Amino acid sequence: MSMPAVQASMPFTAEDLRQRFETRKDEPGTGVEFGDHLLNPDIVQLMEDRDAREAAVLVPVVDRAEGASVILTERSRSLRKHSGQIAFPGGSVDPEDASVEAAALREAREEIDLAARHVEILGRLPRYLTTTGFRITPVVAIVAPGFKLKANPDEVADIFETPLSFLMNAANHRRASRAFGGVERHFYEMPHGERYIWGVTAGILRTLYERYYA
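Throughout this document, residue positions are counted from 1 along each chain, in the order its sequence is written. Only residues with pLDDT of at least 70 get local features here, since the model is predicted, and only at 80 or more are side-chain atom pairs given and counted; chain-wide, interface and lining totals rely on the full set of residues. Water and hydrogen atoms were dropped before computing side-chain values, which therefore reflect all heavy atoms in the structure.

In the nomenclature of an unreviewed UniProt entry, the chain corresponds to CoA pyrophosphatase from the organism Fulvimarina endophytica.

What follows is the structure, encoded as structure tokens:
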């Protein structure tokens, strides 16, 4: 089913997003995996050969009267991997997690103290494959105002919100590349003010755009 293209006057609200999820209902088993391999087709075999670990992230869209925004975090610089990068709350799916939704909610509580009572799950985006050996399921949710967040200093250096209108505007999606281990890799970036949103986080946001706004 085709979706309307993003327009400057489009109401980027939580209710509009809810309607988009209700309108587009994919048949089970027909989802296409997104990920780093779409911009880097040469690494498909590498990614298939890895024992991918299941992970989940919460894509928390806040229902603001002035327009929806997305909660993002800056990872602690003390972390061994991806330190200082912009990310969604999330992590590995544990054996005791009942579902990827439960894992995403648990991680959001652990990282930024977001209580589940404020969260309305809308649905999942296609799983996102990474070159670091993760198969990430993004869980999109609407967050009602009134919450109080607190960063877990072991994992999160800062918490902030970015307007959904900016993130769902294709004009702000730039393709970039960088050499990692001597190999050129391509990715999306969405710089917003002093925040440099790129890599997997930008890729997941691009997936949300392509599935529901493009």
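Chemist: How should I be thinking about the overall build of the chain in this particular structure?
Modeler: Within the chain, the secondary structure is distributed over 5 helices and 11 strands. Each residue gets one of three labels from its accessible area relative to the maximum for its type: buried under 20%, exposed over 50%, partly exposed in between, using a 1.4 Å probe on protein chains only. The buried share of the chain, reckoned over its 214 residues, is 49%. Contacts are residue-level and defined by heavy atoms, with any inter-residue pair within 4.5 Å sufficient. Across the chain, every contact between residues at least 6 apart in sequence was considered, and the portion connecting residues at least 24 apart equals 64%. Only the protein chains shown count as cover for residues, and the accessible areas themselves come from Shrake-Rupley with a 1.4 Å probe. Counting every atom, the chain has about 10800 Å² of accessible surface; 48% of that belongs to carbon and sulfur. Helix and strand labels come from DSSP, where a helix needs a run of H or I of at least four residues and a strand needs a run of E of at least two; each type is numbered from the N terminus.

Chemist: Help me understand the packing of aromatic side chains, please; the structure alone is not making it clear to me.
Modeler: Any aromatic ring pair is given by two values, namely how distant the centres are and how the planes are angled relative to each other. Stacked, edge-to-face and tilted are the three classes for Phe, Tyr and Trp ring pairs, Trp counted by its six-membered ring, which pair at centre distances within 6.5 Å; planes under 30 degrees apart are stacked, over 60 edge-to-face, the rest tilted. Under the counting rule described, the total for this entry stands at 4 aromatic pairs. Between the aromatic rings of phenylalanine 12 and tyrosine 213, the centroid separation amounts to 5.9 Å while the plane-to-plane angle is 20°, which identifies the pairing as stacked. Note that phenylalanine 12 is positioned in the segment before α1 (14–23) and tyrosine 213 in the segment after α5 (199–212), a separation of 201 residues in sequence. Summarising the burial analysis for this pair, phenylalanine 12 and tyrosine 213 share the class buried.

Chemist: Could you clarify how one ought to interpret the nonpolar core in this entry?
Modeler: Across soluble globular proteins, you tend to see nonpolar side chains buried next to one another. Definition used in this section: a nonpolar core is a set of buried Ala, Val, Leu, Ile, Met, Phe, Trp, Tyr and Cys residues joined via side-chain atoms within 4.5 Å. Core analysis: the biggest nonpolar cluster contains 34 residues, and Met168 and Tyr213 have the highest contact counts within it. Of all the elements in the fold, those that place two or more residues in this core are α1, β2 (53–62), β3 (69–75), β8 (134–143), α4 (164–167) and α5. Looking at this core element by element, the count peaks at 6 residues for α5. Counting 16 residues, the second largest nonpolar core, distinct from the first, contains Ala56, Ala108, Phe147 and Val156.

Chemist: Would you mind going over the side chain of serine 69 with me for this structure?
Modeler: Along the polypeptide, serine 69 turns up in strand β3. Whenever two N or O atoms come within 3.5 Å, that pair is a polar contact, provided that in protein one can donate a hydrogen and the other can accept it, and provided that, for residues adjacent in sequence, both atoms are side-chain atoms. A distance of 2.4 Å separates a polar atom in the side chain of serine 69 from a polar atom in the side chain of glutamate 161. Each residue touching serine 69, except ones within four places of it in the same chain, is listed here: Pro60, Val61, Val62, Arg64, Glu161, Thr162, Pro163 and Leu164.

Chemist: How should I be thinking about the confidence of the model for the chain in this particular structure?
Modeler: Low-pLDDT portions of the prediction should not be read for the details of their coordinates. What pLDDT reports is the predictor's confidence in each residue, on a scale of 0 through 100. Averaged over the chain, the pLDDT score is 85; the fraction of residues at 70 or greater is 78%. Confidence drops under a pLDDT of 50 for residues 1–8, and excluding neighbours within four residues, the segment shows 18 contacts in the predicted structure.

Chemist: Looking at this model, I keep getting lost on the pattern of salt bridges. Mind explaining?
Modeler: Should their charged atoms come close, side chains of opposite charge can pair. Any Lys or Arg side-chain nitrogen found within 4 Å of a carboxyl oxygen on Asp or Glu counts as a salt bridge. Summed over all chains, the structure comprises 16 salt bridges. Two residues, arginine 20 and aspartate 16, come together in a salt bridge whose shortest N-O distance is 2.9 Å. Here the residue arginine 20 and the residue aspartate 16 both occupy positions in helix α1, the gap between them amounting to 4 residues, near one helical turn. Neither residue differs from the other here; arginine 20 and aspartate 16 are each classed as buried.

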